[in-house]
Amino acid sequence: MKFGFSLLILALLIVIPALGASLGGAPFWGIVIPYCALLIFLVGFTSRVLKWAKLPVPFRIPTSTGQQKSLDWIQHSPLDNPSTGLGVVGRMALEVLLFRSLFRNTKVELKEGPKLVYGSSKWLWAGALAFHYAFLIIFLRHFKYFVEPTPFWVVGMQNLDSFFQVGLPMLLATDAVIVAAISFLLLRRLLDARIRYISNASDYFPLLLILAIAATGILMRYFFKVDLVGVKKLAMGLFSLKPVVPEGIGAMFYIHMFLVSSLIAYFPFSKLMHLAGVFLSPTRNLANNNRMRRHLNPWNPQVKVHTYEEYEDEFRDVMKAAELPLDKEKQCPKAS
Amino acid sequence: MPRDFNRIVLGLAVFLALVLTPVWTNLFRSVPPLQDPEIATRNIPGKDKCVLPSVEMKVTHMNLLNQWRDSVVRNDQRDYATADGRHFDMSLSRTCMNCHTDKAKFCDRCHNALAVNPYCWDCHVEPLVQPASMGTEVR
C-alpha cells in the first residue's frame, strides 16, 4: 500500500514531464522547474538547519558503545566514547565516511529450541556504503556539464569509472553499483516482513526516485540518446544565471531533469535531511566529559537557598542558650 | 542562542558554498562559449555525403566506428554499404578523416567538453591538417 502510493507518485513524476515536454514549453521544463527546485532546496535546507541549531542541547548524552574514560586502570575506548573534541572528530568521521553505526547492525532469529539468536548482519552497511559512494561519484562526475573547461579531476574520475572498457559508450562502474545497491535496499524493505512493517511511503519514495534518476540517466547514455553539448549549454546557462534552452535536446533529458528537480525540492522535507542531521546528532557529536566538567542547565530557575552559615547567624543566641555546638562563637560583623 | 549555534551556522555556510560551486565558478570567471563541432568538409567530388545522416552520426558514430573496427580487425571485411547503396572503405583515418580532416575541431571540441576520452588514438595517427586547396593526400 505504502509502496504502491510511492510508485504512483513516481509514475506521475515521470508522466508529467514526458507529456509536458512533448507539448512544448521547453523554457518551463528546462529553466523554471530547476530554478524553483534549487530555491526550495536552499531555503528549506537552511531554515531546517537553523531550526535545529536553535534547539538547546545543555547536557552530554553518553549513549555509546564503548567504555567511558574514568579511572586509569579501566580501559577507555577513545573513538566509541571520546572525552575530548578530537575524539569526537574521529567518531564523527567514522560515522559520516564509513557508516559505523550501520556496521553494528544485528539480526535476530528464532531458532529451534526455541532459542533467540543474535548475529552480525553487514548487508545493510555494505549496501548503504556502496549506494552513497556511487551516488557521490555520479554527482561529482556531472560537473563535466556544469563547468567549462571540464575539471581535470572529472576526467580522471570518469576514466577510472570506465576502467573496464565494457561496451560503448563505456560502462561506468558506478552506474552498475548504484542500480544494484538501490535495488538491494529496496528489496530489503519489501521482502523482509519485519522491515516492511516499519517502512513508510517516505522510505520507499526516495529510493524509487533515485532509482528512476539513475535509470533515466543510463537510458540516455545507451538507448534514448540526447544532444549532450546542448545539455551542457543548458546546464551552464542555468549556473551562470544566463539560462538558455538549446533546441532538440530530447525528451528523456527533460524527464531526468524533472526527477532530479523533484529530488532536490523534496530534500528539505524528507529523511534525506540526514545529510545535515548526521552532523547534528547529539549522541555522536558531543564528548562524554561528564566526569571532568559539570554541565549546568542554563535555564534552571534561580533557587533561593538558606545556608547553614546564615541559619547559625539567625539562631546563634538561641542555640548558645541551648548549649548547641556552634561553628562561630560570635556573629561576624558584616563586611564593612 | 545555544552554545554551538555559531559553529552550526559556519558549517551550513561551508555546505552552501560547496553546493553552489557551479554557480560561483561560472559567475566569477569568463567562460569561453561552448563551440559546436565543425562539420565542414573538404568537398571531394562524389564523396559529398556522409555514410549516415548527421543527426544519426551525432549519437551513433561511436557504435559505427566500433562495428567497423570489429569488422576490419576480426573479419577482414572492409566494405561498408550505406542504406542508399553507396560503398565506403571502413577506415577512420582514410575515410572519415579524409573529409573531416581537423581532429581538433571535429572530434575534440565535444569530447573535451564532455570529458569523453575515446581510445581511437591509442592506435591511430591523426592526419596532418592541410588546407582544402592543397590536394587530397592525407597521411
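Residues numbered from 1 in each chain as written. Chains lettered and ligands numbered in written order. Predicted model: local features only at pLDDT ≥ 70, side-chain atom pairs only at ≥ 80, totals over all residues. Heavy atoms only, no water.

## A closer look at unusual backbone geometry
Residue and element names in this part refer to chain A.
Right, so step 1: At the junction of Glu148 and Pro149, the peptide bond is cis and its omega measures out at -5 degrees in the coordinates.
Right, so step 2: On the secondary structure map, Pro149 appears in the loop between helix H6 (143–146) and helix H7 (152–161).
Right, so step 3: Between Leu168 and Pro169 the backbone carries a cis peptide bond, its omega angle lying at -10 degrees.
Right, so step 4: Mapped onto the elements of the fold, Pro169 is located in the loop between H7 and helix H8 (173–191). (Helix = DSSP H or I, 4+ residues; strand = E, 2+ residues; numbered from the N terminus.)

## Brief notes about the interface of chain A and chain B
Right, so step 1: Taken together, the contact pairs 38 residues of chain A with 35 residues of chain B.
Right, so step 2: For the pair chain A and chain B, the summed buried area comes to about 3,300 Å², and 72% of that belongs to carbon and sulfur atoms.
Right, so step 3: Of all residues in chain A, Glu148, Leu168 and Val229 of chain A bury the most surface against chain B, accounting for 17% of the area lost on that side.
Right, so step 4: For the pair chain A and chain B, the number of links is two salt bridges.
Right, so step 5: Between the two partners, chain A and chain B, sit 10 residue pairs in polar contact (both at pLDDT 80 or more).
Right, so step 6: Taken together, the elements giving at least two residues each to the side of chain A that touches chain B come down to helix H2 (26–53), H6, H7 and helix H11 (228–239) of chain A. (Contact = heavy atoms within 4.5 Å. Buried area = accessible area lost by both parts, 1.4 Å probe. Salt bridge = Lys/Arg side-chain N within 4 Å of Asp/Glu carboxyl O. Polar contact = N/O pair within 3.5 Å; in protein donor to acceptor, adjacent residues only side chain to side chain.)

## Re the side chain of Ser91 of chain B
Right, so step 1: Mapping Ser91 of chain B onto the fold places it in the loop between strand S2 (87–89) and helix H4 (92–99).
Right, so step 2: A polar atom in the side chain of Ser91 of chain B sits 2.9 Å from the backbone nitrogen of Arg94 of chain B.

## A closer look at the pairing of strand S1 (residues 106–111) of chain A
Residues and elements named next belong to chain A.
Right, so step 1: Inspection of the sheet shows S1 paired to strand S2 (residues 115–120) by six bridges, in the antiparallel sense. Opposite Glu109, over in S2, you have Val117 as the bridge partner.
Right, so step 2: The hairpin formed by S1 and S2 contains three residues between the paired strands, and Gly113 there has a positive phi angle of roughly 145 degrees. (Pairing = 2+ DSSP bridges.)

## Quick look at the state of the cysteines
All names here are of chain B.
Right, so step 1: The full count for this structure, using the stated rule, is zero disulfides over all chains.
Right, so step 2: A disulfide-free cysteine, Cys110 has its sulfur positioned 9.3 Å from the sulfur of Cys107, the nearest such atom.
Right, so step 3: By relative accessible area, Cys110 is classed as buried at 17%. (Disulfide = S-S within 2.5 Å. Buried < 20%, exposed > 50% of the residue type's maximum accessible area, 1.4 Å probe, protein only.)

## A few points about the packing of H11 of chain A against helix H12 (residues 251–266) of chain A
Residue and element names in this part refer to chain A.
Right, so step 1: At a minimum axis separation of 12 Å, H11 and H12 run at an interaxial angle of 35 degrees. Once H11 is placed against H12, the crossing between them reads as right-handed. Counting all contacts with H11, which are made through Val231, Leu234 and Leu238, the residues of H12 involved are Phe253, Tyr254 and Met257.
Right, so step 2: Looking at the contact of H11 with H12 residue by residue, the class counts come to six nonpolar, no polar and no charged. (Axes fitted to C-alpha atoms, helices over the stretch in contact; angles between N-to-C directions. Left-handed = near helix turned anticlockwise from the far one by under 90°. Nonpolar A, V, L, I, M, F, W, Y, C, P; charged D, E, K, R; others polar.)

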